[in-house]
Amino acid sequence: MAIRFTKMHGIGNDFVVLDGVTQQLQLKPRDIRRLADRRRGVGCDQVLIAEPPGRPDVDFRYRIFNADGSEAGQCGNGARCFARFLRHRKLTAKRLITVETQGGLMTLRVLDKHEVEVDMGAPRLEPADIPLDRPARADSYDLTVDGETLRVGALSMGNPHAVLRVDDVAHCDLERLGPEIEGHPAFPERVNAGFAEIVDRGTLRLRVYERGAGETLACGSGACAAVVWGRRQGWLDEQVTVHLPGGKLSVSWAGDGEPVLLRGPTAIAFEGTIRL
Ligand SMILES: N[C@H](CCC[C@H](N)C(=O)O)C(=O)O
């Protein structure tokens, strides 16, 4: 099967983006893993697929697959690239696009200079919605990892996130703690593990060990999750610049029940055809 693709990234979080609107795609997890393979395939953190909408109030269905083949309910950097892809491939001329993912509805607003602002929806804080195996909602949760007790924030942006506050992201043992948190039994669907350093009330430094992909150069939903938790702890203001290894994102959140807005750049690297 020959498949046309567009290779894109959002500050280094990279994607293979496919048009499942004008071409019929029946991809299995092994096909996703092959597309994402940086030696045998194209190579990416996630594969994004545009599909026709499943309901009248939505423009497109937006599907997200991690490099390990697992499907996710949200991808913030991917949503920005997805909006640009839809216009680049002339699948829409709209600058305000409504999409449906496994994690819910989102609106994508195409700004100038290839910047896109995503309404990521309101964070979900109840354990059952994360999902997290805890009896009641709390501001933070204790996780036992390698005999050590970590105090983390946990919430869903349409995908599950655990956030750990650290003094210095450059020396935070992500390599050891990331996989341990990702696969921790308290998270029945695994979890994205964020390591956040609060620089000041408007500035965060963040690294994320992503579920199904490992450490990425950036994680949009992870940036949103870190801002929500940090703000609920009283450490952050409404507008926050999040510095990740691949670049910076702008996140704003007005408070409980309000949507999180994520803004940042998009880039098209190349296009091609792959035979699976
Ligand atoms: N690994 C994530 C999906 C991609 C999220 C990330 N790339 C972003 O920009 O939000 C998950 O399994 O929930």
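Owing to the predicted nature of the structure, the values given are computational and were not obtained by experimental measurement. (Residues numbered from 1 in each chain as written. Predicted model: local features only at pLDDT ≥ 70, side-chain atom pairs only at ≥ 80, totals over all residues. Heavy atoms only, no water.)

Engineer: Which parts of the structure should I look at to understand the overall build of the chain?
Structural biologist: On a plain count of helices and strands, the chain comes out with four helices and 18 strands. Against the globule reference of 19 Å for 276 residues, the chain gives a C-alpha radius of gyration of 18 Å, in line with a compact fold. Counting every position in the chain, which comprises 276 residues, the buried fraction comes to 55%. Sequence separation of at least 24 residues holds for 62% of the intrachain contacts in the chain that already meet a minimum separation of 6. Mean positive and mean negative side-chain charge positions of the chain (37 and 38 charges, respectively) differ by 7 Å. (Helix = DSSP H or I, 4+ residues; strand = E, 2+ residues; numbered from the N terminus. Rg over C-alpha atoms; globule rule 2.2 N^0.38 Å. Buried < 20%, exposed > 50% of the residue type's maximum accessible area, 1.4 Å probe, protein only. Contact = heavy atoms within 4.5 Å. Lys, Arg positive; Asp, Glu negative; His and termini not counted. Charge placed at Lys NZ, Arg CZ, Asp CG, Glu CD.)

Engineer: Honestly, the nonpolar core in this entry has me stumped. Any pointers?
Structural biologist: Soluble, globular proteins show a tendency: their nonpolar side chains are buried together. Core analysis: the biggest nonpolar cluster contains 53 residues, and Tyr62, Leu108, Leu204 and Val242 have the highest contact counts within it. When residues of this core are assigned to domains, at least three map to each of domain 1 (2–119 + 265–275) and domain 2 (127–258). For Leu108, the contacting residues outside a window of four places in its chain are Ala79, Phe82, Ala83, Arg95, Leu96, Ile97, Val99, Val116, Glu117 and Val118. Membership of the second largest hydrophobic core comes to 22 residues, among which are Leu143, Ala154, Val166 and Leu177. (Core = buried A, V, L, I, M, F, W, Y, C linked by side-chain atoms within 4.5 Å. Domains from an automatic or database assignment.)

Engineer: Got a minute to help me understand the pairing of strand 7 (residues 104–110) in this structure?
Structural biologist: On any regular strand, side chains alternate: one points to one face of the sheet, the next to the other face. Pairing between strand 6 (residues 96–101) and strand 7: six bridges, direction antiparallel. Pairing of Val99 across the sheet is with Met106, part of strand 7. In this structure, the hairpin formed by strand 6 and strand 7 is closed by a connection of two residues. From the end of strand 7 to the start of strand 8 (residues 116–119), which pair antiparallel, there are five residues, and Lys113 there has a positive phi angle of about 50°. (Pairing = 2+ DSSP bridges.)

Engineer: Looking at this structure, how should I read the domain arrangement of the chain?
Structural biologist: Frequently, the measure chosen for interface size is the accessible area that the parts lose on association. Along its sequence, the chain is organised into domain 1 (2–119 + 265–275) and domain 2 (127–258). Between domain 1 and domain 2, the C-alpha centre-to-centre distance is 23 Å. Taken together, the contact between domain 1 and domain 2 spans 18 residues of the former and 19 residues of the latter. Counting across the domain 1 and domain 2 interface gives one salt bridge. Here Arg190 ties to Asp68 by a salt bridge, and the two come within 2.9 Å at their closest N and O atoms. Counting across the interface, domain 1 meets domain 2 through eight residue pairs in polar contact (both at pLDDT 80 or more). Residue contributions to the side of domain 1 that touches domain 2 peak at three residues, all from helix 2 (residues 76–88). (Salt bridge = Lys/Arg side-chain N within 4 Å of Asp/Glu carboxyl O. Polar contact = N/O pair within 3.5 Å; in protein donor to acceptor, adjacent residues only side chain to side chain.)

Engineer: What am I meant to see in the UniProt feature "binding site: substrate" (unreviewed entry) in the chain here?
Structural biologist: In the numbering used here, UniProt assigns the "binding site: substrate" (unreviewed entry) feature to Asn13, Gln46, Asn66, Gly76, Asn77, Asn159, Asn192, Glu210, Arg211, Gly220 and Ser221. From the set just named, the residues that line the largest cavity comprise Asn13, Gln46, Asn66, Gly76, Asn77, Asn159, Asn192, Glu210, Arg211, Gly220 and Ser221. Mapping Gln46 onto the fold places it in strand 3 (residues 46–51). If near-sequence neighbours (up to four positions away) are discounted, Gln46 is found in contact with Asn13, Asp14, Phe15, Val16, Ile64, Phe65, Asn66, Cys75, Glu210 and Ala213. Separated by 3.3 Å, the side chains of Gln46 and Asn13 make a polar contact. The topology assignment puts Asn192 in strand 12 (residues 192–200). Given a relative accessible area of 3%, Asn192 falls into the buried group. (UniProt positions renumbered as here; feature names shortened; annotations may be inferred. 1 Å grid on protein atoms, 1.4 Å probe; cavity = no way out; pocket = protein on both sides within 12 Å on 5 of 7 lines; lining within 4 Å.)

Engineer: Looking at this model, I keep getting lost on the site of the ligand. Mind explaining?
Structural biologist: Taken together, 15 residues lie near the ligand, and Asn66, Glu210, Arg211, Gly220 and Ser221 sit nearest. Within the side chain of Asn13, an N or O atom sits 2.9 Å from a nitrogen atom of the ligand. Side-chain polar atom of Gln46 to a nitrogen atom of the ligand: 3.1 Å apart, as the coordinates give it. Look at the ligand: alone it shows 360 Å² of surface, and the protein chains cover 100% of it. The cavity where the ligand resides is the largest cavity. Among the residues forming the shell around the ligand, the class breakdown is three nonpolar, ten polar and two charged. Split by domain, the shell around the ligand shows at least three residues from each of two domains, domain 1 (2–119 + 265–275) and domain 2 (127–258). (Near = heavy atom within 4 Å. Areas by Shrake-Rupley, 256 points an atom, 1.4 Å probe, with all protein chains shown as cover. Sits in = over half its atoms within 2 Å of the grid points. Nonpolar A, V, L, I, M, F, W, Y, C, P; charged D, E, K, R; others polar.)

Engineer: Could you clarify how one ought to interpret helix 1 (residues 29–36) in this entry?
Structural biologist: It helps to recall that an α-helix has 3.6 residues per turn; residues three or four apart then point in one direction. Residues of helix 1 that are buried: Asp31, Ile32, Leu35 and Ala36. On an axial view of helix 1, the arc spanned by its buried residues comes to 130°, and they lie on one face. Those residues of helix 1 that are buried are in contact with strand 2 (13–19), strand 3, strand 4 (60–66) and strand 18 (267–275). (Arc of directions from axis to C-beta.)

Engineer: How should the state of the cysteines be read in this particular structure?
Structural biologist: Covalent bonding between the sulfur atoms of two cysteines is what defines a disulfide. Following the criterion strictly, the structure yields zero disulfides and no others. Here Cys172 stays free of any disulfide, with the sulfur of Cys219 as its closest cysteine sulfur at 14 Å. (Disulfide = S-S within 2.5 Å.)

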